[in-house]
Amino acid sequence: MDGQLDMSFNVRAEDLGTVRDIVAVHLRWWRIDAGTAFRMLTVVNELLTNVLQHTTADAGGCRMAGLLLQKVPDGVTAVVRDQDPRPPVHASADLLAEEGRGLMLLRALADDTSVSVTPVGKDVWVFMGTPEPTEPF
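How each quantity is defined
Residues numbered from 1 in each chain as written. Predicted model: local features only at pLDDT ≥ 70, side-chain atom pairs only at ≥ 80, totals over all residues. Heavy atoms only, no water. Helix = DSSP H or I, 4+ residues; strand = E, 2+ residues; numbered from the N terminus. Buried < 20%, exposed > 50% of the residue type's maximum accessible area, 1.4 Å probe, protein only. Contact = heavy atoms within 4.5 Å. Core = buried A, V, L, I, M, F, W, Y, C linked by side-chain atoms within 4.5 Å. Pairing = 2+ DSSP bridges.

### Quick notes on the overall build of the protein chain
Right, so step 1: For the protein chain, the count of helices and strands is 3 helices and 5 strands.
Right, so step 2: The N-to-C order of helical and strand elements in the protein chain reads β-α-α-β-β-α-β-β.
Right, so step 3: Put simply, the protein chain has 137 residues, and 37% of those count as buried.
Right, so step 4: Considering only intrachain contacts with a sequence separation of at least 6, the fraction spanning at least 24 residues in the protein chain is 65%.

Put into structure tokens, the structure is as follows:
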């Protein structure tokens, strides 16, 4: 089963739980295994938190972002779009620091990642492969 979730919204800290719930429902609907779903939820949350922390609000106080989640034949992809053209910067964070570990976390959890600067900001893309189904004995 292939599928897609495409949404745009004003990123607010109090709504991140709702976004995670929406993503979790789609991952369950697509029958994504629990380990891959957990990794994807963690990465999507991290990317949206980065929008909150590292982008400038517009004149109306909004930090608009988009989330495109897709079930593909061998896994799941997510793209978080924001209006800031500056690419993420890799920082050497102290392991106990509360900030600065986002890219390290992203690279540890995702099977592949990329960043593209767009005419309106940037897209951060991640891919997570799903385990091969095992044949019953």
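Picking up after the structure, the text goes on.
### Let's talk about the environment of Leu68
Right, so step 1: Mapping Leu68 onto the fold places it in strand β2 (residues 64-72).
Right, so step 2: With sequence-adjacent residues up to four places away left out, Leu68 is seen in contact with Gln4, Leu5, Asp6, Thr77, Ala78, Val79 and Arg81.

### Points about the nonpolar core
Right, so step 1: By size, the foremost hydrophobic cluster in this structure holds 30 residues, and its most contacted members are Val23, Leu27, Met40, Leu48, Leu67, Leu69 and Val126.
Right, so step 2: The set of elements that each furnish at least two residues to this core consists of β1 (3-10), α1 (16-29), α2 (34-54), β2, β3 (75-82), α3 (102-109) and β5 (121-129).
Right, so step 3: Sorting elements by how many residues they give to this core places α2 first, with 7 residues.
Right, so step 4: Leu67 has contacts with Leu5, Asp6, Met7, Phe9, Val19, Val23, Val44, Ala78, Val79, Val80 and Arg81, leaving out every residue within four places of it along the chain.

### Re the pairing of β1
Right, so step 1: Burial along β1 is one-sided: the face carrying Gly3, Leu5, Met7 and Phe9 is buried and the face carrying Gln4, Asp6, Ser8 and Asn10 is not.
Right, so step 2: Direction of pairing for β1 relative to β2: antiparallel, over a ladder of 8 bridges. Opposite Phe9, over in β2, you have Ala65 as the bridge partner.

### Brief notes about the environment of Leu48
Right, so step 1: Turning to its location among the elements, Leu48 is positioned in helix α2.
Right, so step 2: Here Leu48 falls in the buried class, since its relative accessible area comes to 1%.
Right, so step 3: Between the C-alpha atom of Leu48 and that of Val11, which follows or precedes it by 37 residues, the distance is 7.1 Å.
Right, so step 4: The residues touching Leu48, leaving out its near neighbours within four places in the chain, are Phe9, Val11, Leu16, Val19, Ala65 and Val80.

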